[in-house]
Amino acid sequence: MKGWIAAAALAMAGVAATSPAAPPAVELVLAGTPVQGGALLGTAPKGTVELRFNGQLVPVDADGRFLIAFDRDAAPQARLTGRLADGTLLDRALTVAPRDWRIERVDAPLRPTKSTEAFLALRKPELERIAAARETVTDAQGWRQRFIWPRIGRVSGLFGAQRIYQGQPGAYHGGVDIAGATGEPVVAPADGVVILAADRPFTLEGNLLMIDHGHGLNSAFLHLSRIDVIPGQHVIQGQRIGAIGATGRATGPHLHWGMKWNEARIDPILLTGPMPQN
């Protein structure tokens, strides 16, 4: 009897020793810290069939990689939710770090802009073309890359900078400005597909070029003196795409580089790192 009990105990110990380990936790992995004006690459678990960021559907590639970004004025809290094919639910709360924007307080009233009927007649189709371009879905994979600066030079305007006129905020600066001389080359900061190449100067943006980097991420290059690519063309990182200019509403030659992820305006410097020294 004692021998049987001992054998049973040994068998039980063997089962315990060889029983499979608990499956790893299913989670959404993000590379970096959420911050206003920033973007993050992430990896979803295998078998993810749906992913949402604050309720907005986020595309997930076959390898699980995805992209999310945070507007300049993003709220302090955000949420990633998802679902696996077996019904498992994913849920991750995100705390979005605030930024210290460059704010200039001006002791003068904000002057309202006066838009004439002639201006509005020109502007409406331009805005429609920009909106249509941003709705374009391409197979671009530049969103996976580490971005480079489209032009090396002095940063003359920061993303997010804003003036406050006697307590009333003006519009913030939606991109970075890089000083340069007319005709100096501009290159693609990452792989992409041209979604807009103005055939004539827009009223504000001048010669406007827009490139889609995939997954809702796109770049806009304003005030160009020349555009060297055409709509639908695939471009690679570092390829020449145009030249600095002062077309449209510009006080002098420079490159304005703006970026958006869907409707969120983001800061290019958070994708490139600091401007390299000449």
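Described below are features of the structure shown in this document. For clarity, every value in this text was computed on a predicted model and none was experimentally measured. (Residues numbered from 1 in each chain as written. Predicted model: local features only at pLDDT ≥ 70, side-chain atom pairs only at ≥ 80, totals over all residues. Heavy atoms only, no water.)

**So, the sheet that holds strand S5 (residues 65-69)**
Spatially, S1-S2-S5 is the arrangement adopted by the 3 strands of the open sheet, whose pairing is antiparallel. Strands at the two margins of the open sheet, each flanked by one partner only, are strand S1 (29-31) and S5. Shown here is a sheet whose adjacent strand axes are inclined to one another by a mean of 35°, direction ignored. For S1 and strand S2 (residues 39-43), the ladder comprises 3 bridges, and the chain directions are antiparallel. Directly across from alanine 31, in S2, lies its bridge partner leucine 41. (Pairing = 2+ DSSP bridges. Helix = DSSP H or I, 4+ residues; strand = E, 2+ residues; numbered from the N terminus. Axes fitted to C-alpha atoms, helices over the stretch in contact; angles between N-to-C directions.)

**A short note on unusual backbone geometry**
At asparagine 54, a position not held by glycine, the phi torsion is positive, near 50°. With phi around 55°, asparagine 262 is a residue other than glycine that occupies positive phi space. Checked against the element boundaries, asparagine 262 lands in the loop between strand S20 (254-261) and strand S21 (264-266).

**Remarks on the sheet that holds strand S6 (residues 77-84)**
Reading across from one edge, S4-S3-S6-S7 is the order of the 4 strands in this open sheet, with antiparallel pairing throughout. Each having just a single partner strand, strand S4 (56-57) and strand S7 (89-95) make up the two edges of the open sheet. Alignment of strand S3 (residues 48-53) against S6, held across 5 bridges, turns out to be antiparallel. Along S6, the bridge assignment pairs threonine 48 with leucine 84.

**Here we look at helix H2 (residues 117-134)**
End to end, H2 covers 26 Å across 18 residues, agreeing with the expected 26 Å (1.5 Å per residue, within 8%). Taken together, the buried positions of H2 are Arg123, Glu126, Ile130 and Ala133. (Expected span 1.5 Å × (residues − 1). Buried < 20%, exposed > 50% of the residue type's maximum accessible area, 1.4 Å probe, protein only.)

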